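Take a look at the letters that make up each chain.
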Amino acid sequence: MRDYAIMIIQPAAAMVLAPMLLGVINWVKANFAGRRGQPLLQPYYDLWKLLHKSAVYSSTTSWIFKAMPIVCLSAILLVTFIIPLGFGKTILSFNGDLILAAYLLGLIRFFIVIGALDTGSSFEGMGASREVQFSALAEPAFFIAMAAMARQTSSISFSNIFSAITPQMWATNSATLLLVTAAIVIVLLAENSRIPVDDPNTHLELTMIHEVMILDNSGPDFAFLLYSAALKLWIFAAILVGFILPMNVMPWQISIPVSIAAIFVVSILIGIVESCMARLRLVRVPHLLFTAVALAILALIFTFRN
Amino acid sequence: MIILLAGLGFIIFTGIASLFIKDGKTCTRFGAAGVIIGSLAAVTTAIKVLFSGETISFKIPWQVPYGSFYIVIDSISALFLIIVFMACSIAAVYGCGYMAGYKQRRLSAPTFFFNMLVASMAMVVMARNGVLFLVVWEIMSLASYFLVTFDHEHESVRQAGWIYIVATHIGTAFLLAFFVCLGKYNGTMDFDNVNVFGKASSVLFLLALVGFGTKAGIMPMHVWLPEAHPAAPSHISAVMSGVMIKMGVYGIIRTISILPEIQLWWGWLLVILGIVSGLLGILFALAQHDIKRMLAYSSVENIGIILIGLGLGLIGLAGGSYILAVLGFAGALLHIINHSLFKSLLFMGAGAVVHSTETRRMDLLGGLIKRMPLTAGAFVIGAIAICGLPPLNGFIGEFLLYYSSFAAALSKDIQIVAPAVAAIAALAMIGGFAVAAFTKVFGIVFLGEPRTSAAANAHEADKAMIVSMWLLAVLCILIGITAPLVLPVIISVVMQIVPAEYEIAVLPFNQPDKMLWWIVISSIALFILISVLAMIRRNLLKNKTVTAGPTWDCGYAAPTPRIQYTSSSFSQPIVDMFKNAMYLKRNEVKIDELFPKQAQFESHTPDVSNEYIYRPVFKWIDRLTGKMQWLQYGVVQMYVLYIAITLIILLVWKL
Amino acid sequence: MWTDIIMVLLILTNMVVLGTSRLRACIRVVAVQGVALGILPLLHSFEWQLLIFAVLSIILKGIVFPVMLSRTLRQLNVWQEESPYVGYGLSLLMGPFALAFSSWISLRLPLPYTIHSTMLIPVALFTLIVGLFIIVSRKKALTQVLGYLVMENGIYAFGMAIAYHQPMLIELGVLLDVFVGVFVMGIAIFHISRQFDHINTDQLSALRN
């Protein structure tokens, strides 16, 4: 009974609360800039409005362009069934689920990129080219970080890794955990197209990565993409929180609210980073991602000492 | 056994008979029918062996010294036989449509050589006598050489054929040495029981690695591959890339399975070679402008992935890690099957494009999805599969490799953990670049607006070509969905390579098939979600006017198809990042004034090993003596570096 | 746990030094590294001698050196390392391999007695290698001074690991050397720059005859 409750609450929380993360980030940024800013629930209003609008399709596009938002949203929804919140199993947890999650994200990338190329716009081609470059570097960082965590906790699924984090581990092996956290934070920023990798609020198509790839989507298609971007942010934040917080010491009634709160803290931190930093020059972004790879390898080396 | 030999005989017979048929169309159809009927007959035996697990052998003496007509079908051979017969039959169907384009030519010769190629490949995986093996190996090489040089009126094709025949014979020379050594140590040229131990077995392994590796296209020995594959007609490229290079992999697997002693460093060597082939292969693929050349480099990459799997298996075998051994080999074998499907499919798709637009340059194409919808549909399935993305078959193979590496990464022994982690990192990176490479091919060739009139006037491919491509696409989906049922068959083949006690790794306790069931469930869930969301969108848009307009031009008012991103510009950031590793030659006019007149960008990536390894040796030695001067530079940093290197060497040597 | 955090801090500072071209950021990061190393001995046993020594080294490495170097920076008007011999991406990727190598070496070092943190020796060696690498791979004399400081930090950490109970005598000597070294280099760089209008050491080779 308890297990089933956890299994249902986890994806439900993600699906309901994910757009709020974007609202929180905008709220933090507005406060930093001394503006009043949008209401916290603005992303929900946006989604609602977009879902009820009509769509315009470019005459260059084919069925690929129409399939893209649907495939992206389906795949990301599937990932929300894999990543646990707090501890306990999810509906789709099995040994090796982290590989499936990473590759579902790869499927999303594949479709977003070909969807962008389908419009024939050179700006969208530019965004697609950058997306594949940066994510090809973020991918090894993510995998090595997961290998380090797998070694640290001797388990190969998200739910087991999250459950194995204990306060004692922080006392004895904080180096690994800290380095993995640093690597995952960089991966989170890169995969979700946040500053310093990409600026979601820039006004110039030449400098965008993610936003420029979905320039031509409108109506429900755009709503799907917006929602999947929010879910993706939620997923990475949940992974980060799961790798850091020792959930095993709490009963599940507490651990789930605590991790939800922690996810929102992550979004506040992202907002702070975005308010204080500028976007890196695009030629410098690979260095940042190399750093993530290097940190993940360092974390892995630290797992050898015990 | 009789049925199988009869099937092979039928393939050869129709090949010879086709030499006497004048009409091109009838001739290819006759040959293809021979291949299909013969394959259907022969494949039954292979399937029987694969599922029953028994071994069939057949031996008759032969006049040739040391030779005997000794063939054995065990489950390894059976698996490869099924790949050969399946892929070649589908390619034969495709060939009927493709060769119809050559109206003025007599098509007897290619038909004959194609049938010989199929029969010889089948014989390669069955032969158990060194002399017999070398004979059929040579027939395979020569048949494929004549097929590569089919368009021999082009200078570039003759050049490619020349490189191929030289490279393949260098490989054969090593194989000759391998079999001579094997025969000498063993006392007989039949190689089913080998009693070689110690240093000798390492020598044998290295000889086999170079000899078979040349055929397989492992990175430093791959030079012939990007030349020969684009030159051949497309169904031949499909067979060569999908099946023939796997004969090299078969050779390596067979060598592993017959040598009684396994060394740990063999596995390390294979993993390192695999990582190098995989990474450099996909990077070179990304840098190409020619669609078939790009696919050829991608074959190098996939051979790299297969080698990583074999290397992990060997490490597991030598280091006593059961799960790494079994799942590493299983991943490699599954990837061999998968690659033979999706690479054939992609080459056929590329062939359909070339057939219809008469160019292989991606930058001249575009927008073909509107003109060739069926080809594009099959091609995108192949592209998703080759990137190893769920829910298709490519993911299953890569999943097994990842899973075995993750499981091995938990072990205590650093000699196992280090290659496992290296494999994880390399697979992740290869996966990322593969997405880049195949979104590029599909996006530039099939999507957007046509860049030239050749692309604008393209037409859909012939019916035979469409059918064969979709057959392969359906197989890709099918293996993805039925993975848990395929796995036990693969495992039964792996048990031929590893000792029987390794079966514990796949007993219900470790549940590898349960994981695959989970993956299948999520694939089905993915399909359900996609259809539900599609329905939701349809309902949302039902009572509204959906309009069509031009692509948003970002304020630039006069866009033409030529300002679209090209394959060079798409891959430029990645290629630029690795320019030191890839020997990139750029031709660029930098913009340096306020109102620039004309700017252009062009890049070439000559093959590294071509440029660096296969240059005439004497030239290199000549330079070497001259190069010794660099030791004395007078740069302070260099001297400190010498000191540092000396210190480190001393440290390593003393400790 | 705190030792671990300092280890991570050392590693991260090393990575920053490897990956950035901005000299001012490098100076600050090396200062942070020095301070972190200064705190390290206090975490395990608290003695007055140790405290004085720690304070001394923190003042020197955290305040005196950075201030001196920043002044040189301002005087010379050099803010960035340009086109190093080894690119920043490659330098960053070299980091983990250096740590792996030093872990491997440290497993084989014959050490007299056990050390409280198993990672201290690898990290010390790693810092040493990074310092050496910076000296070898960069062009500006100032960056090389920084590399020298990083290397010294490595030696300090190493000394702390193997001679945990009486590091003072050795360390004081080393510190004095470094102080003199940095001082001399600072002056020398200034004069070189005044003489030749740049501080690129690769061009100094013209002086070899």
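See above for the structure.
**Examining the overall build of chain B**
What chain B contains, in helices and strands, is 25 helices and 5 strands. Taking 26 Å as the expected radius of gyration for a compact globule of 655 residues, we find that chain B reaches 26 Å, a close match to that expectation. Over its C-alpha atoms, taken along the principal directions, chain B stretches across nearly 80 × 75 × 55 Å. Put simply, chain B has 655 residues, and 60% of those count as buried.

**Brief notes about the interface of chain B and chain A**
Between chain B and chain A, the residue contacts involve 73 residues of the former and 76 residues of the latter. Roughly 6,500 Å² of surface becomes buried between chain B and chain A when both sides are summed, with 76% attributable to carbon and sulfur atoms. When residues of chain B are sorted by the area they lose upon contact with chain A, B:Phe406, B:Arg537 and B:Tyr565 head the list and together hold 10% of the total. Seen at the junction of chain B and chain A, the total is 1 salt bridge. Of the charged contacts in the structure, one is a salt bridge between B:Arg537 and A:Asp221, with a shortest N-O distance of 2.6 Å.

**Structural notes on the pairing of strand E1 (residues 56–61) of chain B**
All names here are of chain B. With 6 bridges joining them, E1 and strand E2 (residues 68–73) adopt antiparallel strand pairing. In the sheet register, Ile 56 faces E2, and the bridge partner there is Ile 73. Taken together, E1 and the strand that follows it, E2, pair antiparallel across an intervening segment of 6 residues, in which Tyr 66 is found at a positive phi of about 65 degrees.

**Focus: the interface of chain A and chain C**
On the chain C side, the residues contacting the 20 residues of chain A number 21 residues. When residues of chain A are sorted by the area they lose upon contact with chain C, A:Ile301, A:Phe302 and A:Arg305 head the list and together hold 28% of the total. Linking chain A to chain C there are 0 salt bridges. There are 2 residue pairs in polar contact (both at pLDDT 80 or more) connecting chain A and chain C. Breaking the side of chain A that touches chain C down by element, the ones donating at least two residues are helix H7 (167–172), helix H8 (174–191) and helix H12 (285–302) of chain A. Here the element with the most residues in the side of chain A that touches chain C is H12(A); it accounts for 10 residues. Its residues assigned to classes, the side of chain A that touches chain C shows 13 nonpolar, 5 polar and 2 charged.

**Details of the side chain of A:Asp198**
All names here are of chain A. Note that Asp 198 resides in the loop between H8 and helix H9 (210–213). Of the side chains with opposite charge, Arg 279 lies nearest to the buried Asp 198, which makes no salt bridge, at 5.4 Å. Filtering out sequence-adjacent residues up to four positions away, Asp 198 remains in contact with Ser 193, Thr 207, Met 208, Ile 209, His 210, Glu 211 and Arg 279.

**Structural notes on the packing of helix H15 (residues 393–409) of chain B against helix H16 (residues 414–446) of chain B**
Residues and elements named next belong to chain B. For the pair H15 and H16, the least separation of the axes is 8 Å and the interaxial angle reads 145 degrees. Judged by the twist between their axes, the crossing of H15 over H16 is left-handed. The residues of H16 that touch H15, namely those facing Leu 401, Tyr 402, Ser 405, Phe 406, Ala 408 and Ala 409, are Ile 416, Val 417, Ala 420, Val 421, Ala 423, Ile 424, Leu 427 and Ala 428. By residue class, the composition of the contact of H15 with H16 is 13 nonpolar, 1 polar and no charged.

**A look at unusual backbone geometry**
A cis amide bond links A:Ile195 with the next residue in sequence, A:Pro196, at an omega value of 10 degrees. B:Pro391 follows B:Pro390 through a cis peptide bond whose omega is 5 degrees. For A:Ser193, which is not glycine, the phi dihedral falls at a positive 55 degrees. Examined against the element boundaries, A:Ser193 turns out to sit in the loop between H8 and H9.

**Concerning the packing of aromatic side chains**
Per the counting criterion, the structure on display carries 39 aromatic pairs over all chains. For the pair A:Tyr103 and B:Tyr402, a centre-to-centre distance of 5.5 Å together with 65 degrees between the ring planes defines the contact as edge-to-face. Residue A:Tyr103 is found in helix H4 (residues 97–118), and its partner B:Tyr402 is found in helix H15; the two belong to separate chains. Measuring from centroid to centroid gives 5.5 Å for B:Trp137 and B:Phe212, while their planes differ by 80 degrees, and the two rings are edge-to-face. Residue B:Trp137 is found in helix H5 (residues 130–148), and its partner B:Phe212 is found in helix H7 (residues 199–216); the two are separated by 75 residues along the sequence. Residue classification places B:Trp137 among the buried residues on the basis of a relative accessible area of 1%. Through pairs of rings, three or more aromatic residues link up here, namely A:Tyr103, A:Phe143, B:Phe395, B:Phe399, B:Tyr402 and B:Tyr403. We note B:Lys215 situated over the ring of B:Trp137; from NZ or CZ to the ring centre the distance is 5.8 Å.

**Observations concerning the environment of B:Ser523**
Residue and element names in this part refer to chain B. Its location among the elements puts Ser 523 in helix H20 (residues 512–540). Overall, the relative accessible area of 4% leaves Ser 523 in the buried class. Through-space distance from the C-alpha of Ser 523 to that of Gly 480 is 8.5 Å; in sequence the pair is 43 residues apart. The contact partners of Ser 523, leaving out residues within four places of it in the chain, are Pro 391 and Ile 481.

**Description of the packing of H8(A) against helix H1 (residues 2–19) of chain C**
Across the interface, H8(A) lies against H1(C) with an axial gap of 8 Å and an inter-helix angle of 40 degrees. It follows from the interaxial angle that H8(A) and H1(C) lie oblique. For H8(A) against H1(C), the interelement crossing comes out right-handed. Judged by residue contacts, A:Ser174, A:Ala175, A:Leu178 and A:Leu179 of H8(A) engage C:Asp4, C:Ile5, C:Val8 and C:Leu12 from H1(C). Its residues assigned to classes, the contact of H8(A) with H1(C) comprises 6 nonpolar, 1 polar and 1 charged.

What counts as what
Residues numbered from 1 in each chain as written. Chains lettered and ligands numbered in written order. Predicted model: local features only at pLDDT ≥ 70, side-chain atom pairs only at ≥ 80, totals over all residues. Heavy atoms only, no water. Helix = DSSP H or I, 4+ residues; strand = E, 2+ residues; numbered from the N terminus. Rg over C-alpha atoms; globule rule 2.2 N^0.38 Å. Buried < 20%, exposed > 50% of the residue type's maximum accessible area, 1.4 Å probe, protein only. Contact = heavy atoms within 4.5 Å. Buried area = accessible area lost by both parts, 1.4 Å probe. Salt bridge = Lys/Arg side-chain N within 4 Å of Asp/Glu carboxyl O. Pairing = 2+ DSSP bridges. Polar contact = N/O pair within 3.5 Å; in protein donor to acceptor, adjacent residues only side chain to side chain. Nonpolar A, V, L, I, M, F, W, Y, C, P; charged D, E, K, R; others polar. Lys, Arg positive; Asp, Glu negative; His and termini not counted. Axes fitted to C-alpha atoms, helices over the stretch in contact; angles between N-to-C directions. Left-handed = near helix turned anticlockwise from the far one by under 90°. Phe/Tyr/Trp six-rings, centres within 6.5 Å; stacked < 30°, edge-to-face > 60°. Lys NZ or Arg CZ within 6 Å of the ring centre and 35° of its normal. Parallel < 35°, antiparallel > 145°, perpendicular 65-115°, else oblique.

Coordinates in, geometry out; function isn't part of it.
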